[in-house]
Amino acid sequence: MQKTEVSKKIKISFELNNRKINMDVKPSSLLLDILRDELGMKGTKPGCNEGECGACTVLINGNAINSCLYLAVNANGKEITTIEGLVKNDGTLDHVQKAIIDNGAVQCGFCTSGMIMSIKSIENYYLSQNNNVKNKKKPNKEEIKKWLEGNLCRCTGYIKIIDAAEKVLINEE
Amino acid sequence: MLKKRKLNIIGTPVPKHDGKIRVSGQAVYGHDINLTGMLYGAILRTEHPSAIIEKIDISEALKLEGVECIITADDIDVNNISYKRDHPILKKGEVNCIRDEIAAVAATSKEVAQNAIKLIRVEYKIRKGIYDPIEALEESSPQINKFISGKYKNKNTAEVFKYSHGNIEEEKKKSIVNVSRRFTLPRVTHACMGTSNITAHFDKLSGKLVLYSSTQVPFLYQRDMAHALKMNPSDIRIIQPVIGGGFGSKLDMYPFEPICALLSIKTGKPVQIIYSRQEEFIASPTRQPMIIDIACGADKDGNFTYRDIKIIKDNGAYTSWGATTPFVIMQAFSSLYQVKACKFEATAVYTNNVFAGSFRGYGNPQATFALERIIDLLADKLKISKAEIRLKNANYKNEITGQGLHYETCGHIECLEKVISESNFYNKKNTENGRFRKGIGLASMLHVGGGAKIYRSDGCGTTLKIDPYGYCTIITGSNEIGQGSETVLAMIASEELGIELSKIKVINTDTDIKPWDVGVHASRTSFVAGNSLLGAINILKDKLNNKAKQLLNTENSDFIYQNGMIAIENANEALALDKVVREMHFSEPSELAIASYFYEPLSQFQNKEFKGNVSGTYAFASQAIEVKVDTYTGNIEITNVHTAQDVGKVLNPLLLDGQIHGGILQGIGYAISEEMIYEEGKLLNPNFHNYKLLTASDVPNIHFYPIETNDKQGPYGAKGVGEAPLIPTAAAIANAVCDALDIEVLELPLTPERVLKAINFKK
Ligand code: FES
Ligand code: FES
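Rules of the game
Residues numbered from 1 in each chain as written. Chains lettered and ligands numbered in written order. Predicted model: local features only at pLDDT ≥ 70, side-chain atom pairs only at ≥ 80, totals over all residues. Heavy atoms only, no water. Helix = DSSP H or I, 4+ residues; strand = E, 2+ residues; numbered from the N terminus. Rg over C-alpha atoms; globule rule 2.2 N^0.38 Å. Buried < 20%, exposed > 50% of the residue type's maximum accessible area, 1.4 Å probe, protein only. Contact = heavy atoms within 4.5 Å. Lys, Arg positive; Asp, Glu negative; His and termini not counted. Charge placed at Lys NZ, Arg CZ, Asp CG, Glu CD. Axes fitted to C-alpha atoms, helices over the stretch in contact; angles between N-to-C directions. Parallel < 35°, antiparallel > 145°, perpendicular 65-115°, else oblique. Left-handed = near helix turned anticlockwise from the far one by under 90°. pLDDT = per-residue confidence, 0-100. Domains from an automatic or database assignment. Buried area = accessible area lost by both parts, 1.4 Å probe. Salt bridge = Lys/Arg side-chain N within 4 Å of Asp/Glu carboxyl O. Polar contact = N/O pair within 3.5 Å; in protein donor to acceptor, adjacent residues only side chain to side chain. Nonpolar A, V, L, I, M, F, W, Y, C, P; charged D, E, K, R; others polar. Core = buried A, V, L, I, M, F, W, Y, C linked by side-chain atoms within 4.5 Å. Pairing = 2+ DSSP bridges.

## Observations regarding the overall build of chain B
Reasoning step 1: Secondary structure summary: chain B contains 18 helices and 28 strands in total.
Reasoning step 2: Taking 763 residues into account, the globule formula puts the C-alpha radius of gyration at 27 Å, and chain B, at 27 Å, falls close to it.
Reasoning step 3: For chain B, the C-alpha atoms occupy an extent of roughly 85 × 75 × 50 Å along the three principal directions.
Reasoning step 4: The 763 residues of chain B split such that 66% are buried.
Reasoning step 5: Taking the intrachain contacts of chain B between residues at least 6 apart in sequence as the baseline, contacts between residues at least 24 apart amount to 80%.
Reasoning step 6: Charge-centre separation for chain B: the mean point of 87 positive side chains lies 2 Å from the mean point of 87 negative side chains.

## Details of the packing of helix H10 (residues 364-382) of chain B against helix H11 (residues 386-393) of chain B
All names here are of chain B.
Reasoning step 1: With their axes 9 Å apart at the nearest point, H10 and H11 run at an angle of 110° to one another. Compared by their axis directions, H10 and H11 come out roughly perpendicular. Helix-helix and strand crossings are classified by hand; for H10 and H11 the assignment is right-handed. Contact residues: Glu372, Ile375, Asp376, Leu378, Ala379, Asp380 and Leu382 in H10; Lys386, Ile389 and Arg390 in H11.

## Considerations on the confidence of the model for chain B
Reasoning step 1: Of the residues in chain B, 99% have a pLDDT of 70 or more, and the chain-wide mean is 95.
Reasoning step 2: At the level of chain-chain contacts, confidence expressed as ipTM amounts to 0.96, with global pTM at 0.96.

## Regarding the domain arrangement of chain B
Often, the extent of an interface is quoted as the loss of accessible area on bringing the components together.
All names here are of chain B.
Reasoning step 1: Along its sequence, chain B is carved into domain 1 (19-26 + 459-599), domain 2 (33-128 + 195-243 + 250-283) and domain 3 (290-452 + 606-762).
Reasoning step 2: Here the C-alpha centroids of domain 1 and domain 2 sit 40 Å apart.
Reasoning step 3: On the domain 2 side, the residues contacting the 18 residues of domain 1 number 14 residues.
Reasoning step 4: Among the residues of domain 1 in contact with domain 2, Ile481, Thr509 and Thr511 are the three that bury the most area, contributing 36% of the side total.
Reasoning step 5: Here domain 1 and domain 2 share 2 salt bridges between them.
Reasoning step 6: Here domain 1 is connected to domain 2 by 7 residue pairs in polar contact (both at pLDDT 80 or more).
Reasoning step 7: Grouping the constituent residues of the side of domain 1 that touches domain 2 by class yields 5 nonpolar, 7 polar and 6 charged.

## Things to note about the nonpolar core
Residues and elements named next belong to chain B.
Reasoning step 1: In terms of nonpolar packing, the biggest core is built from 151 residues, with Ile294, Phe333, Phe344 and Val627 touching the most fellow members.
Reasoning step 2: Leave out the neighbours within four places in its chain, and Phe333 touches Ile292, Ile294, Arg307, Ile309, Ile311, Val339, Cys342, Phe344, Ala367, Ala370 and Leu371.
Reasoning step 3: Residues Ile499, Phe559, Val580 and Ala595 belong to the second largest nonpolar core, which totals 45 residues.

## As for the interface of chain B and chain A
Reasoning step 1: In this assembly, 59 residues from chain B lie in contact with 49 residues from chain A.
Reasoning step 2: Interface area, chain B with chain A, both sides summed: about 4,300 Å², of which 58% is carbon and sulfur.
Reasoning step 3: Three residues, Val23, Met193 and Ala696 of chain B, lead the burial of chain B against chain A; their summed loss comes to 17% of the area buried on that side.
Reasoning step 4: The interface formed by chain B and chain A holds 6 salt bridges in total.
Reasoning step 5: Asp32 of chain B is the partner of Lys45 of chain A in a salt bridge, and the nearest nitrogen-oxygen pair spans 2.8 Å.
Reasoning step 6: Our enumeration of links across chain B and chain A arrives at 21 residue pairs in polar contact (both at pLDDT 80 or more).
Reasoning step 7: Among the residues forming the side of chain B that touches chain A, the class breakdown is 24 nonpolar, 23 polar and 12 charged.

## Some details on the domain arrangement of chain A
All names here are of chain A.
Reasoning step 1: Examined at the domain level, chain A breaks down into domain 1 (10-86) and domain 2 (95-171).
Reasoning step 2: Relative to domain 2, the C-alpha centre of domain 1 lies at a distance of 21 Å.
Reasoning step 3: Opposite the 18 residues of domain 1 that make contact, domain 2 presents 13 residues.
Reasoning step 4: Here domain 1 and domain 2 share an interface that buries about 1,200 Å² over both sides, 64% of which is from carbon and sulfur atoms.
Reasoning step 5: At the boundary of domain 1 and domain 2, one finds 0 salt bridges.
Reasoning step 6: Our count for the domain 1 to domain 2 interface comes out at 5 residue pairs in polar contact (both at pLDDT 80 or more).
Reasoning step 7: Elements supplying a minimum of two residues to the side of domain 1 that touches domain 2: strand E3 (57-60) and strand E4 (63-66).

## Overview of unusual backbone geometry
Residue and element names in this part refer to chain B.
Reasoning step 1: Residues Glu588 and Pro589 are joined by a peptide bond in cis, for which omega reads -15°.
Reasoning step 2: Residues Leu748 and Pro749 are joined by a peptide bond in cis, for which omega reads -5°.
Reasoning step 3: Take Pro749: it is sitting in the loop between helix H17 (729-741) and helix H18 (752-762).
Reasoning step 4: Backbone geometry at Ser82 places phi at a positive 85°, although glycine is not the residue there.

## Examining the sheet that holds strand E7 (residues 157-165) of chain B
Residues and elements named next belong to chain B.
Reasoning step 1: The 5 strands are arranged E7-E15-E14-E13-E8 in an open sheet whose pairing can be described as mixed. The outermost strands of the open sheet, each flanked by one partner alone, are E7 and strand E8 (177-185). Within the sheet, the average angular offset between the axes of one strand and its neighbour, ignoring direction, is 5°.
Reasoning step 2: As paired strands, E7 and strand E15 (residues 341-350) are joined by 8 bridges and run antiparallel to one another. Residue pairing for E15: His165 is matched across the bridge by Cys342.
Reasoning step 3: Contacting E7, strand E13 (290-298), strand E14 (304-316) and E15, helix H9 (residues 326-335) runs over the sheet at an angle of about 165° to E14.
Reasoning step 4: Set on the sheet, H10 makes contact with E8, E13 and E14; between it and E8 the angle comes to about 150°.

In structure tokens, the structure reads:
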């Protein structure tokens, strides 16, 4: 029998949703596959596996990245947050998740995890910008749209998603 | 004390009933299923759109560790699929389009399955393909699909639809203006964010097959699958995981699905097939491309006189629902606006292209585009306003059209008036002459709004149960595909039974449990499933009322259901609903708090001439769309979309907005950016980089005006809403671009290159 070549695995450790993970990964493994197939985090969605749709968006050290293009080995030493990590232990949703539901911004939901993580990353960006600043900066609607350009949605027409993002990023204190 | 009040839940912006699982990563899509011992399937497709298969060699692939099974056409005993049974599941001897399946592998990992596919050697003898339907109709062209009955004289004709009403020659004589054009509509695809997928699990001991499938039509699918596999339908159980978008793409069964079942049957293990994005572009169905020749006239008063339409549809190499889109298309031509005579012929022609399936709107966006473009041209010739000519000919309440559609309610005039006034249509004349030109365009649409009687039944069943703790379970035949049907059903039950939404569960994913329903299509779910649920509620309430009468010792059965209580209006005594149910269960004469109801709409089958009142009700919509065109780059910016839609009654404004926005964005994509580009039958842009979906930055201002006509057939007066929003969009945009630039638009999409070409042509 022929064998598919097994390449040598590399040890990595990172934090996933505040939990320490140590594991061995192939150098070619993509973070999306590791998350979904090995760590059971199926909330992160494969929409294209080529960096074009944003469904696989997760946060690495607070910034949105497409996990389908991100080599798992590069996660070493980093903090990763997936959609599952936004739900508190007592079952309360993150305010972005709540805003998505309340604004009617989810239909089939396949894009939703990625959308929410992208909105989280905008929030994180402004949080870091506003550290110890008096006049807190906020994104405007056009900037929010630009941030979300990498996340495709076929169901909602984006309007409700932008509404939800505005609600969290502009209107909430 | 309970008091009667108006609607409490219906009409309010209730967020999605199943929203929490969808925002927290907990919803289980087909892609997330992982069964014990599951194998991964992969499909080898042809490299050439038209070729003889000389040899298939799987020997190298079989040697690969982890490969458990490889099948080709020689290994399976199956029937052809598609409603015309013209589509072999695995191709034998020849291939006829680029999506053709030649072999399939099941292996212990995705990687191994993919590697095995690469090791299968196929020798082809390449033939010249036929990619133009007009060429396919020529006598000298070879027969492309060998499985057809020979019903038509021409060997590549798949299907012909003919329709007529009125006396077209008479009407031509009365016409003072005549316009004719040829319009060409492109191939576009659903591009659901979740790619096609299936997990099949055949149990050798019981001989039963479980399919985790994202079909929109589980009961038709069960029957089709059974026919394909030569099994008994009842031995096949369909379980529907959460669906990552439908839009019509999952209305038919495609080869990968019985292939996956066959791999499971052969191995006795669960097998999963998930399309890659590229495969999704290449191998999932598309919208029906068309060439529409249309001639229309109007008399001296601006009344429409006749429409003469000939359509050629590229059927691809096999048939799917795209071939039957004339059912809907002919309605637009025969019955959108009043028209005295109509002659219609549509021919589906086999080619070596991929086949077209159903896609939200079902041919109507194509038809509406042609018709609404022609109406603008007629208005120009008559020198009357584009708004006036539409208002003059608009459909009206109680109209019975030439095709026999009966508009018991009709918001067409109101929709037109609304968008005309809100967009300030009359005062928006294009005056600018600089680089940027602005324009505005109008278009309307007509679509079935209460199902469509095209199968033997257009019905939907419901079983409703209240448990001894006052919780309610709705077991419905209908499906949730993201559109929000679960929410609407839960709202109806909450409204009628006075049970809070959090205590209502909707069960709708398992053919072993749920009652019959024809499926999600024709914008029918709220209408048909809603009415079905209301029927079940009435029966259950009769039972509850009887028990309540007994408990309260009263003859009065005029009970009010509110806040989990049952009482006669203004009476002092009220009963807890859960207590009434317990009494039903546990005291003599004991009975279950369960009711079942089957709702069949009051629509008719059409006769052989396609005449008859085919839907329970009809939906209308009008759009006025403003554009700004950059004459240097050819870029079109959609600035404002005014859309008015006769929805009968708003059941849930939040979900309704979502349907409107999503539909309009798909319509804009169809108008300006989306196009599958083929060269000699090969798709050149099978990815999101080159197939342009709109993004958040492309969103225009959408002004939505729901029009409530309260159709007595609909639940609370509601009509179907799902397909309408995208139907007139491309037409209105094309009209706006013509208004801005004074050019001809004969094809879509209006990409920058096409716009520039049209501008240069004018110069
Ligand atoms: S799956 Fe990663 S961008 Fe589409
Ligand atoms: S909700 Fe379906 S893709 Fe966004």
